[in-house]
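Fold and geometry: a report
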Amino acid sequence: MSIESESTALLTEELGALAHPPDSTGYRESLGRTFFPDASRRSPSCVVTPTSAADVATVVRIAGRTGSTVTVRGGGLSSNCVADGSIMMDLSVFMNSARPQGEAVVVDGGSTVGTMLDAMAPARRIVPVGIAEHAGFGLIARGGIGYYTRSLGLTLDHLSEVELVLPDGESARLSHESRGEEAELWWAVRGCAPPFGVIVSATLRTHEVGTMWVDRMLIGLDALPTYFRIAPQLPRHTSMGAVLGYSDSAPGRPVFFVYTACASRDPADIDVGRCAATEVARASSEHHYRSETTGRYLSGLPQYSPPGRGGTDPAPMSLPQPGDRRGSFFGKALFVGPTLDAQVAEALAHQISRAPTRACRIDFQQTGGALSDIGDTDTAFWGRSSEWNIPLNAIWDDPADGPACTSWARDTLSALSGHRTGVYSVEVRPGFTETDDETAAAFGGNLSRLRAARRQHDPTGVFATYPL
């Protein structure tokens, strides 16, 4: 009997209907709801939909006994939540709730950040997260970069307690009060959780906030050098993100979308953001659209994507459903410092102009500010001196465009290589020629410590599919 068959038989025996073998309805549904296209097309040995930490522990013990590997699907946005031949635990089916606990929030391991924010909305409190509501613990425990990063820091910086099922099936409650080996795990899971176990529950600190002011404008690429100069000068209460991409407002040519967000309700602070955006706008010879709005974080804010003709809002990102037609995606995300200049602007303008499809885009998620209040070695997260996280998204529907799109993304990375301060680990995936280099850049001076902890806590490689 193969390892895959043995583990599936044992999982079915122990967990009954919670274990879904290949070609079953539950198997197809979990894969069909996985956001990352390539991940949804992989073939795990079995899908399990646990209802509790005890079920998770059962899966992990069976994997260790049979020599299997395990991946975890929470929000389902990560490519690494599915691997061929591995057991996939889909926590999103039954372990998906969040509940207030005073001024904190307790979140189950299969919850999304949207569920977490909804739980705190009646109290007008939030945890800073990314720019989309669908992300899960792959984001919560590995970063979390969004509109509040400059003022409040990363999502992972708000973790106060984590319940972790370890590779041997035992459970640990980790916090700032942890000591000895558990203190080392507490350090590791804040920035590099997946290789060390399954987060089945976590408690996070929250903040009381009001509405956020947002200025959006669609202008020409000639403003990019001015943007690189202006954005790092902004105070912490304001972030100036941007996208190089395409819009119906400028058929046939790329546009520069600038998204300025102010976390302060003080009119003087908002005016600082407005004036900075205006200075960037004046640097462009093209002006397609500009508007201001206020809204509740996160669902009440406009999408972080170029609007269409006349300022038409793009459709909100939604999770796929089983049977949906799927395209393909090749993504990278690197951190850079405040050193981007006119030469980089020219190179990136050239790259977006030659993008193989109109769905390709280059994002600039501004960081800086509170990100660096915590040191690079205080948690496993590396890259706190960065000024931007730059996701590069190559997206295509026609399989024939795949080679050109992956080549385009790698060439765009080369244009930024001299300014790289790190790599965002959420986009590091196994099996590519650049994986080792990206892993080293993602964890920097923390890499050897993390690898030593992994050897100690997962010697049989239950979670070996995760790059480290």
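Please refer to the structure placed before this passage.
Residues numbered from 1 in each chain as written. Predicted model: local features only at pLDDT ≥ 70, side-chain atom pairs only at ≥ 80, totals over all residues. Heavy atoms only, no water.

**Here's the deal with the sheet that holds strand 9 (residues 171-175)**
Counted only if it meets this: Two strands qualify as a pair provided that DSSP identifies no fewer than 2 bridges between them. Counting from the N terminus, the helices are DSSP H or I runs at least four residues long and the strands are E runs at least two residues long. Each axis is a line fitted through C-alpha atoms, taken for helices only over the stretch in contact, and angles between the N-to-C directions span 0 to 180 degrees. For this analysis, residues touch if any pair of their heavy atoms sits within 4.5 Å.
Taking strand neighbours across the sheet as the criterion, the five strands line up as 5-6-10-8-9 in an open arrangement whose pairing is antiparallel. Each having just a single partner strand, strand 5 (98-101) and strand 9 make up the two edges of the open sheet. Shown here is a sheet whose adjacent strand axes are inclined to one another by a mean of 15 degrees, direction ignored. Pairing of strand 8 (residues 159-165) with strand 10 (residues 198-205) involves six bridges; the strand directions are antiparallel. Bridge pairing in strand 10 links valine 162 to alanine 202. Each of strand 8 and strand 10 touches helix 4 (residues 53-66); the most contacted strand, strand 8, lies at about 50 degrees to it.

**Side note on the nonpolar core**
General note: in soluble globular proteins, nonpolar side chains tend to be found buried as a group. Where we set the bar: Definition of nonpolar core: a set of buried residues of the types Ala, Val, Leu, Ile, Met, Phe, Trp, Tyr and Cys, connected through side-chain atoms within 4.5 Å. When a residue's accessible area, from a 1.4 Å probe over protein chains only, is under 20% of the maximum for its type it is buried; when over 50% it is exposed; and in between it is partly exposed.
Tyr227, Phe228, Phe256, Val280, Phe364 and Ile390 are the most contacted members of the largest nonpolar core, which totals 111 residues. Contact partners of tyrosine 227, with chain neighbours within four places excluded, come to Pro232, Met240, Gly241, Ala242, Phe256, Val280, Phe364 and Trp388. In this structure, Val56, Met89, Leu91 and Val198 belong to the second largest nonpolar core, which totals 26 residues.

**Thoughts on the pattern of salt bridges**
As a reminder of what qualifies: Just to be clear on terms, a salt bridge is a Lys or Arg side-chain nitrogen sitting within 4 Å of an Asp or Glu carboxyl oxygen.
Counted by the stated rule, this structure contains 26 salt bridges. With a closest N to O distance of 3.7 Å, aspartate 248 and arginine 358 form a salt bridge. One end of the pair, aspartate 248, is in the loop between strand 13 (238-245) and strand 14 (255-262); the other, arginine 358, is in the loop between helix 11 (342-353) and strand 17 (361-366), and 110 residues separate them in sequence. Using a relative accessible area of 42% as the deciding quantity, one classes arginine 358 as partly exposed. Residue arginine 274 is joined to aspartate 271 by a salt bridge in which the shortest nitrogen-to-oxygen separation is 3.1 Å. With arginine 274 and aspartate 271 both in helix 10 (residues 267-282) and three residues apart, this pair spans about one turn of that helix. With relative accessibility at 26%, the residue arginine 274 sits in the partly exposed group.

**Concerning the packing of aromatic side chains**
Worth spelling out the cut-off: Here is the rule: rings of Phe, Tyr and Trp (six-membered ring for Trp) pair when centre to centre is within 6.5 Å. Planes less than 30 degrees apart are stacked, more than 60 are edge-to-face, and the remainder are tilted. A positively charged side chain is recorded as over a ring if its NZ (Lys) or CZ (Arg) lies within 6 Å of the ring centre. The angle to the ring normal must also be within 35 degrees.
With the rule as written, the count across this model stands at 16 aromatic pairs. Counting every residue linked through ring pairs, the aromatic cluster contains Tyr227, Phe228, Phe256, Phe364 and Trp388. Over the aromatic face of phenylalanine 432 sits the side chain of lysine 332, whose NZ or CZ is 5.2 Å from the ring centroid. Across the ring face of tryptophan 187, the terminal group of arginine 449 is positioned such that the distance to the ring centre comes to 3.7 Å.

**Considering the pairing of strand 4 (residues 87-90)**
Where burial is concerned, the two faces of strand 4 agree: the one with Ile87 and Met89 and the one with Met88 and Asp90 are both buried. Sheet topology note: the strand 2 (residues 46-48)/strand 4 ladder contains three bridges and is parallel. In the strand pairing of strand 4, cysteine 46 is matched with isoleucine 87. With four bridges joining them, strand 3 (residues 70-73) and strand 4 adopt parallel strand pairing. Its bridge partner being in strand 4, threonine 71 is matched across the sheet by methionine 88.

**Observations regarding the packing of helix 1 (residues 3-15) against helix 4**
For clarity, the cut-off: Each angle gets one of four labels, with under 35 degrees taken as roughly parallel, over 145 as roughly antiparallel, 65 to 115 as roughly perpendicular, and the rest as oblique. Crossing handedness: left-handed means the near helix sits turned counterclockwise from the far one by under a right angle, and right-handed means the same turn made clockwise. Residue polarity is assigned by list, with Asp, Glu, Lys and Arg as charged and Ala, Val, Leu, Ile, Met, Phe, Trp, Tyr, Cys and Pro as nonpolar; anything else, Gly included, falls into the polar class.
The interhelical angle for the contact between helix 1 and helix 4, taken along N-to-C directions, is 150 degrees, at an axis separation of 10 Å. By the angle between their directions, the pair helix 1 and helix 4 is classed as roughly antiparallel. At the point where helix 1 passes helix 4, the crossing takes the right-handed sense. Taking contact as the criterion, the partners of Ile3, Glu6, Ser7, Leu10, Leu11, Glu14 and Leu15 in helix 1 are, on helix 4, Asp55, Thr58, Val59, Ile62, Arg65 and Thr66. Residue classes in the contact of helix 1 with helix 4 are distributed as six nonpolar, three polar and four charged.

**Examining the sheet that holds strand 3**
Reading across the sheet, the four strands line up as 1-2-4-3 and stay open at both edges, with mixed pairing between neighbours. Each of the sheet's edge strands pairs with one partner strand only, and the pair in question is strand 1 (19-20) and strand 3. In the sheet, strand 1 pairs with strand 2 via two bridges, with the strands oriented antiparallel. What sits directly across from histidine 20, in strand 2, is valine 47. Together, strand 2, strand 3 and strand 4 form the strand contacts of helix 4, whose direction differs from that of strand 4 by roughly 175 degrees.

**What to know about unusual backbone geometry**
The amide bond that connects tyrosine 297 to the next residue, leucine 298, takes the cis arrangement and shows omega of 5 degrees. Looking at where leucine 298 falls in the secondary structure, it is placed in the loop between strand 15 (287-295) and strand 16 (328-336). Non-glycine residue aspartate 23 carries a positive phi angle of around 75 degrees. Assignment of secondary structure puts aspartate 23 in the loop between strand 1 and helix 2 (25-32). Positive phi, normally seen in glycine, also occurs at arginine 124, with a value near 55 degrees.

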